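The residues making up each chain are set out below.
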Amino acid sequence: MTTENSTNNGLEDVQYLLHLESLKRYTEQAKNMHRQTEEHARHFVEAKREYQREYTSLVSLSKNVDLRELLEAKSSEIAAARVASLPGQLEEVSNALSSEKRPTELDIQILEECKQQLENHHRPRNKLSNQHKFTKNREAFKSLHTMIQNVENGFQLSTLAAMDQMIADPPN
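Predicted model, so just to flag it, every value in this text is computed and none were measured.

The rules behind each value
Residues numbered from 1 in each chain as written. Predicted model: local features only at pLDDT ≥ 70, side-chain atom pairs only at ≥ 80, totals over all residues. Heavy atoms only, no water. Helix = DSSP H or I, 4+ residues; strand = E, 2+ residues; numbered from the N terminus. Buried < 20%, exposed > 50% of the residue type's maximum accessible area, 1.4 Å probe, protein only. Areas by Shrake-Rupley, 256 points an atom, 1.4 Å probe, with all protein chains shown as cover. Contact = heavy atoms within 4.5 Å. Phe/Tyr/Trp six-rings, centres within 6.5 Å; stacked < 30°, edge-to-face > 60°. Salt bridge = Lys/Arg side-chain N within 4 Å of Asp/Glu carboxyl O. pLDDT = per-residue confidence, 0-100. Patch = residues over 30% accessible without salt bridge, like charges linked within 9 Å, V, L, I, M, F, W, Y side chains within 5 Å.

Draft legend 1. Inspection of the overall build of the protein chain at higher detail. Across its full length, the protein chain holds four helices and zero strands. Put simply, the protein chain has 172 residues, and 9% of those count as buried. Approximately 14500 Å² of the protein chain is accessible, and the part contributed by carbon and sulfur atoms is 57%.

Draft legend 2. The side chain of T159, seen in detail. Here T159 shows up in helix α4 (residues 124-168). On the basis of relative accessibility, which here comes to 4%, the residue T159 falls in the buried class. Among residues more than four places away in sequence, those in contact with T159 are N64, L67, R68 and L71.

Draft legend 3. Geometry of the side chain of S57. Among the structural elements, S57 can be located in helix α1 (residues 2-73). For S57, a relative accessible area of 13% translates into the label buried. With sequence-adjacent residues up to four places away left out, S57 is seen in contact with I148 and E152.

Draft legend 4. View of the packing of aromatic side chains. On inspection of all chains with the given rule, the structure shows one aromatic pair. Pairing Y51 with Y55 gives two aromatic rings, centres 6.0 Å apart and planes at 35 degrees, and the pair type is tilted. Pair noted here: Y51 and Y55 are both in helix α1, with a separation of four residues, about one helical turn. Residue Y51 is classed as partly exposed on the basis of its relative accessible area of 28%. With a relative accessible area of 23%, Y55 lands in the partly exposed category.

Draft legend 5. Structural detail: the pattern of salt bridges. According to the stated counting rule, one finds four salt bridges in the structure shown. E21 is the partner of R25 in a salt bridge, and the nearest nitrogen-oxygen pair spans 3.5 Å. Linking R25 with E21, this pair stays in helix α1, spanning four residues, or about one helical turn. Owing to a relative accessible area of 34%, E21 belongs among the partly exposed residues under this scheme. Residue R35 is joined to E39 by a salt bridge in which the shortest nitrogen-to-oxygen separation is 3.4 Å. Taken together, the residues span about one helical turn, with R35 and E39 both in helix α1 at a distance of four residues. Exposure remark for E39: the relative accessible area of 33% places this residue in the partly exposed category.

Draft legend 6. How the structure looks around the confidence of the model for the protein chain. In this model, the protein chain carries an average pLDDT of 78, and 73% of its residues clear a pLDDT of 70 or more. Mean pLDDT across the elements of the protein chain ranges from a minimum in helix α3 (residues 101-120), with 65, to a maximum in α1, with 85.

Draft legend 7. Quick peek at the environment of S62. For S62, the position within the fold is in helix α1. Taking relative accessible area as the criterion, S62 reaches 38% and is therefore assigned partly exposed. In sequence terms S62 and F155 are 93 residues apart; their C-alpha atoms lie 9.8 Å from each other.

Draft legend 8. A look at the environment of K63. Summarising the element assignment, K63 is placed in helix α1. K63 gets classed as exposed once you look at its relative accessible area, which sits at 54%. Residues K63 and F155 lie 92 residues apart in sequence; the distance between their C-alpha atoms is 9.9 Å.

Draft legend 9. Seen up close, a nonpolar patch on the surface. Residues Y16, L17, L20 and L23 make up a contiguous nonpolar surface patch of roughly 400 Å² in combined accessible area. In this structure, L20 sits in helix α1.

Written out as structure tokens, the structure reads:
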């Protein structure tokens, strides 16, 4: 009888230890998923801010290009159609800036990426190649951003030069 009781107690102890181990794994996985979710949320917020900065920068560049074109025309008379379409264009830009459509698209992409990672069961080689691709894309983005800033600065300088020239030599 005591041998049977000790065997049953031993099996119960093993089952209890297995149960504790499974609970430990479950809590570790839950913590890991929570950490990954927070990390993706942080990446989403950063991407949204970066998108807004780039969009405002491109709007400013567009404004400078339009101003430069107007100054190069050296005409005191602006086309009435262009003036009439200006409020509509400003409204479109305002709606695009206040719209939440673009960040929602980013959110869907992040969700798809999470699903894909879950399906692939965290393969380190794939992760390493993705990090390499991300690094390349980030470097390309930074160089493009620098180039856009240089072009924007050039437009600003040429616009100021044209304005100075217009002041020095007023049109008849």
